[in-house]
Amino acid sequence: MSDQKVVNTNKVGDCQNFLKYTVQNGPGKIVGLVSAYVLSYLLNLLLKPLSQPRIVSDIIVGIFIGNIPWIYDSFDEKFITTLNFVAEFGIICYMFVLGMEMDPYTIFKPPTQDAMIAYAGMVSTFILACGITSFLAYSNRPDIGFTLSLSLTLSGSSSHILTRIITNLKVGKSDIGKLVIAAGVHADMISMLLLSIGFIIVPPGLTVSDLSVRITKSLTMGAALLFQTVFAASVSPIFMNWVNNENPEGKPMKGSHLVLTIAFMVMICSSSPIYGYSPILSAFMAGAFLPSEGRVSKWAVGKINYLLTVVFYPIFFFWMGYHSSFSKFRAGSLGTWGRLIVLILITLVGKVIGTVISGVMLGFHWRESAELGCLLTAKGHFHVFLAVVASIYDIISTSTCISIILTILLTVVHTPSVVLQIIKRARKRAPTHRRALQLLDASNELRIQLCVHGQHNVPSTINLVEISRGTPDPGILVYVTDMIELTDEIAATLVQSSEGMNTVTVTDKEVTKMRDQITKRFQNYVDENSEGITLRRMLALSTFNNMAQDVCVLAEDLMVSLLILPFHKKQLPDGTLDGGHPGFRYVNRKVLRSAPCSVGILVDRGFGSTENISTMKRSFMIAVIFIGGKDDREALAYAGQVARHPGVKLTVIRFLVEENSEAASRRGPLRANIAEREQEMKLDDECFAHFYGRYVAAGYVSYMEKHLVNSAETYSTLKSLEGQYKLIIVGRGGRVNSILTVGMNDWQQCPELGPVGDVLSGSNFSLTTSVLIIQQHSLRGELDGVDDEFSIM
């Protein structure tokens, strides 16, 4: 445990005058600081393809710049003192945010799997470190306090770094990703709590001969910290809730309330340091017991994280680089390299042993357990700070400080490669298709993302939810997503970072009014038909160039099985469709190419005009056309979700090739791949046989066959369905050179609907029949991350 000083009253002023002082006192400092910002940014861009977190580039740049003689020699005593204050103040902010992102009350609950893994890795590493480090002279003044502090530091993890790596590599939704993040938070929280308590028991800077002073000081600090913790846990929720209630969502926060909130947080953080307690650990304890939910807390976390990332980290690692002069590393000594290797081995072997043992007890695969241990070795900014401060106060040598920093760097560098190995194995285990209705487990709820352009899409979307709802158990989870073009006018009304650095609040009156009305209409429907339906509201606000990507990212994050898009054309009062919106058409076509799940396009021709479908007693007429191919099989799978609705009368129409026809005998040249076609036909028959046995034979669905010769007969048969059904469901394509659709592409008006969908939605078809065109999305071996079914068990 390193020495700490009480917060200097001029510290904030020093931070404000830091850059001004730098400009006035020497070009070396200016070049060093500017280089720290620029090189850190550039190196971070270069390392991004390797999935390295920013701390890697920051450490490398900090060490490089700090060891340039011209820059190093330009530092004077006043500048170094100011730089020390800036580093300490930044770490205080970092620790405050770290505490706010943790829930200390979890330690009083029965241990979960992630907690057991965290504890096992910490205990094994701690025992290993205590048994080895005390014999290798890491400290200039070795004592039990230093050994315990170093061992505890090696036992911890950096939850912030782990979370960023796991999230960037898109493994956060898998069970191993959730396990790593949760275990990292537990290890980080426990190590920080133990350090906070240890600071009271063994105050740095006091010798054994000062026993009475030590006891008095410990009791004083303990009482102050206890008062701070109790006050933060009991009073701050009342204050924070009052501020949240006075500043509802969607409105700018009042300046007076922001000032009061900041003053309140500073007061809590600074109460125990008055009595000699560490301001850094005090900030962590205050943040841990402040409410983490609510607008004010999210605002504080977002603002502080933004300032840390943009402003503080380059200065921090610039400071670290100065205090890590390689001229003092003693590279020629075998003892230096031995101590470095021992630190790395203790961190790695200790964690792996603990996680493997706990994994065996929990029934995990040993390989995944070992990988958990490798990931939990990651250290972060606070660990770097402790090493440098220990060097400044001459607790450890500069050589040992550099060894610890290199150990921290190596514990982070390898983590992306471990995650990529997990992803590589997950790809082999993952199903062929990413997320599709055919693969949906009947015991899992159906997740649908329904996109709307405006209020005119609401009636048809509500009816689509109604026919798709299925049984109350497991039910359906609906994400209603507003697709809104980001114009200059709307962009001017956005409130950036009110809920965090990556979020915005839309304050445009027309947009908020439209969203409120859509929400109200959907909520009224859910309130009347609440059994089995869960509603969530989402927003895709971006330019048309980026909207498709935003919609697909939402679909992936929400793990939906079906994404429904409105057709870009709207129905006019006379029943015909207008010319359509080219922007939304562009979005639809891009989504069809890159969506991580099945996609449906709804052509609305009065589908929303029907009310109370649930009371119609099988009089709402719906047809499913099945010709063959993966998209038609997906459409049939969706029909199974609709089949048992009490108000729907569903008919499946299967188009079959007349085998005795002359055209059928000449279709051989159309078969580009005979084996592929036969495999597709086999899958079609298996899929249809399963559907027939489950729904048609049970009396839920009507069935008819149409034996056709060529695409001309297909067209005429489709035309004969005009006006018979309120909704027709069909696959977009995916057919292997079907003789029944060949040539229909030549006159398509909207190729994104497929040949059959284009005919059914054309101007020559019914003005009262809506069409739902479904495409099953499949990616073979192209997973970006690990799907939610990947298990370590």
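Starting from 1, residues in each chain are numbered consecutively following that chain's sequence as written. Local features in this predicted model are restricted to residues of pLDDT 70 or higher, and side-chain atom pairs are both shown and tallied only at a pLDDT of 80 or more, whereas totals for entire chains, interfaces and linings draw on every residue. With hydrogens and water excluded, all non-hydrogen atoms of the structure serve as input to the side-chain values.

1. With respect to the overall build of the protein chain
Right, so step 1: Helix numbering and strand numbering both begin at the N terminus, where a helix is a DSSP run of H or I of at least 4 residues and a strand a DSSP run of E of at least 2. Helices and strands together make up the secondary structure of the protein chain, namely 29 helices and 12 strands.
Right, so step 2: Type-normalised accessible area, obtained with a 1.4 Å probe on protein chains alone, sets the label of each residue: buried when under 20%, exposed when over 50%, and partly exposed for intermediate values. The proportion of buried residues among the 793 residues of the protein chain is 53%.
Right, so step 3: Contacts between residues were defined by any pair of non-hydrogen atoms, one from each residue, lying within 4.5 Å. Within the protein chain, residue pairs in contact and separated by at least 24 positions form 82% of the contacts whose partners lie at least 6 positions apart.
Right, so step 4: Looking at the protein chain as shown, the accessible area adds up to about 34400 Å², and 59% of this sits on carbon and sulfur atoms. Working definition of accessibility: Shrake-Rupley area with a 1.4 Å probe, residue cover restricted to the visible protein chains.

2. Quick notes on empty space enclosed by the protein
Right, so step 1: Using protein atoms alone on a 1 Å grid, points that fit a 1.4 Å probe yet trap it form a cavity, whereas open point sets bounded by protein on both sides within 12 Å along at least five of seven lines form a pocket; residues with an atom within 4 Å of a point count as lining. Grid points are joined across faces, edges and corners, and a volume is the space filled by probe spheres set on the points. Per the counting criterion, the structure on display carries eight cavities of 30 Å³ or more.
Right, so step 2: Approximately 80 Å³ is the volume found for the second largest cavity.
Right, so step 3: Lining the second largest cavity are Leu-150, Thr-153, Leu-154, Leu-343, Thr-347, Lys-379, His-383, Ile-404, Thr-407, Ile-408 and Thr-411.
Right, so step 4: Secondary structure elements with two or more residues in the lining of the second largest cavity: helix 7 (144–155), helix 15 (334–362) and helix 18 (398–413).

3. Points about the packing of aromatic side chains
Right, so step 1: Stacked, tilted and edge-to-face are the three classes applied to pairs of Phe, Tyr and Trp rings, where Trp contributes its six-membered ring and a pair requires centres within 6.5 Å; stacked means planes under 30 degrees apart, edge-to-face means over 60, and tilted covers the rest. Under the defined criterion, the tally for this structure stands at 19 aromatic pairs.
Right, so step 2: Ring centres of Phe-239 and Trp-242 lie 6.2 Å apart, and the angle between their planes is 45°; on these two criteria the pair is classed as tilted. Of this pair, Phe-239 and Trp-242 both sit in helix 11 (residues 236–246), three residues apart, which is roughly one turn of the helix.
Right, so step 3: The exposure class of Phe-239 is buried, given its relative accessible area of 17%.
Right, so step 4: Assessed through its relative accessible area of 39%, Trp-242 is described here as partly exposed.
Right, so step 5: For the ring pair Phe-626 and Phe-688, a centre distance of 5.3 Å and an interplane angle of 45° mean the geometry is tilted.

4. Notes on the confidence of the model for the protein chain
Right, so step 1: pLDDT expresses how confident the predictor is about each individual residue, on a scale running from 0 to 100. On average, residues of the protein chain score 81 in pLDDT, and 87% of them are at 70 or above.
Right, so step 2: In this model residues 496–502 is a low-confidence stretch, pLDDT under 50, and it forms 20 contacts with partners more than four residues away in sequence or in other chains.
Right, so step 3: In the model, residues 780–793 has pLDDT below 50 throughout and makes 43 contacts with residues more than four positions away in sequence or in other chains.

5. With respect to the sheet that holds strand 6 (residues 562–566)
Right, so step 1: In this description, strands pair whenever DSSP reports at least two bridges between them. Strand order across the open sheet formed by 10 strands is 5-2-1-6-7-12-11-8-9-10, with mixed pairing between neighbours. Looking at which strands have only one partner, the edges of the open sheet turn out to be strand 5 (533–542) and strand 10 (701–708). The mean inter-strand angle of the sheet, taken between neighbouring strand axes irrespective of direction, is 20°.
Right, so step 2: For strand 9 (residues 648–657) and strand 10, the ladder comprises eight bridges, and the chain directions are parallel. Bridge assignment links Leu-650 to a residue of strand 10, and that residue is Val-701.
Right, so step 3: Axis angles are defined between N-to-C directions and span 0 to 180 degrees, where every axis is a line fitted to C-alpha atoms and, for a helix, only to the segment in contact. Along the sheet, helix 22 (residues 509–528) makes contact with strand 1 (446–452), strand 2 (476–485) and strand 5, crossing strand 5 at roughly 165°.
Right, so step 4: This element, helix 23 (residues 544–558), spans strand 1, strand 2, strand 5 and strand 6 of the sheet and lies at about 150° to strand 5.

6. Considerations on the side chain of Ser-236
Right, so step 1: Within the secondary structure, Ser-236 sits in helix 11.
Right, so step 2: Aside from chain neighbours lying at most four places away, what touches Ser-236 is Phe-231, Phe-264, Ile-268, Phe-289, Leu-290 and Pro-291.

7. Side note on the environment of Ser-57
Right, so step 1: Tracing the chain through its elements places Ser-57 in helix 3 (residues 54–66).
Right, so step 2: Here Ser-57 falls in the buried class, since its relative accessible area comes to 0%.
Right, so step 3: Spatially, the C-alpha atom of Ser-57 lies 9.8 Å from that of Phe-317, the residues being 260 residues apart in sequence.
Right, so step 4: In this structure, Ser-57 is in contact with Ser-40, Leu-43, Asn-44 and Leu-47, ignoring residues within four places of it in sequence.

8. A short note on helix 3
Right, so step 1: Multiplying 1.5 Å by the residue count of a helix minus one yields the expected span of that helix. Between its terminal C-alpha atoms helix 3 stretches 18 Å, which fits the 18 Å expected from 13 residues at 1.5 Å a residue.
Right, so step 2: Helix 3 sits mainly inside the fold: 10 of its 13 residues count as buried.
Right, so step 3: All buried positions along helix 3 are accounted for by Ile-55, Val-56, Ser-57, Asp-58, Ile-59, Val-61, Gly-62, Ile-63, Ile-65 and Gly-66.

9. Here we look at the side chain of Thr-347
Right, so step 1: Its location among the elements puts Thr-347 in helix 15.
Right, so step 2: Between N or O atoms, a polar contact is any pair within 3.5 Å; within protein, one atom must be a potential hydrogen donor and the other a potential acceptor, and residues adjacent in sequence are included only when both atoms are from side chains. Within the structure, the side chain of Thr-347 is placed 2.9 Å from the backbone oxygen of Leu-343, a separation counted as a polar contact.
Right, so step 3: Among all residues touching Thr-347, those that are not within four sequence positions of it are Thr-125, Leu-154, Thr-377, Lys-379, Thr-407 and Thr-411.

10. Focus on a nonpolar patch on the surface
Right, so step 1: Residues Met-116, Trp-337, Ile-341, Leu-345, Leu-348, Val-349, Ile-353, Ile-357 and Met-361 make up a contiguous nonpolar surface patch of about 810 Å² in total accessible area.
Right, so step 2: Ranked by the residues each element gives to the nonpolar patch, the list is headed by helix 15, at eight residues.
Right, so step 3: Within the fold, Leu-348 resides in helix 15. Only residues whose relative accessible area exceeds 30% and that form no salt bridge enter a patch; like-charged residues are grouped when within 9 Å of one another, and nonpolar side chains (Val, Leu, Ile, Met, Phe, Trp, Tyr) when within 5 Å. Note on definitions: salt bridges are taken to be side-chain nitrogens of Lys or Arg within 4 Å of carboxyl oxygens of Asp or Glu.

11. Remarks on the pattern of salt bridges
Right, so step 1: Counted under the stated rule, the structure contains 11 salt bridges.
Right, so step 2: Here Arg-54 makes a salt bridge to Asp-58, at a shortest N to O gap of 3.4 Å. One end of the pair, Arg-54, and the other, Asp-58, are both in helix 3, four residues apart, so they sit about a helical turn from each other.
Right, so step 3: In this structure Asp-58 comes out as buried when scored by relative accessible area, which is 3%.
Right, so step 4: For Glu-466, the salt bridge goes to Arg-469, with nearest N and O atoms at 3.4 Å.
Right, so step 5: Look at Glu-466 and you get buried, because its relative accessible area is 4%.
Right, so step 6: What makes Arg-469 buried here is its relative accessible area of 15%.

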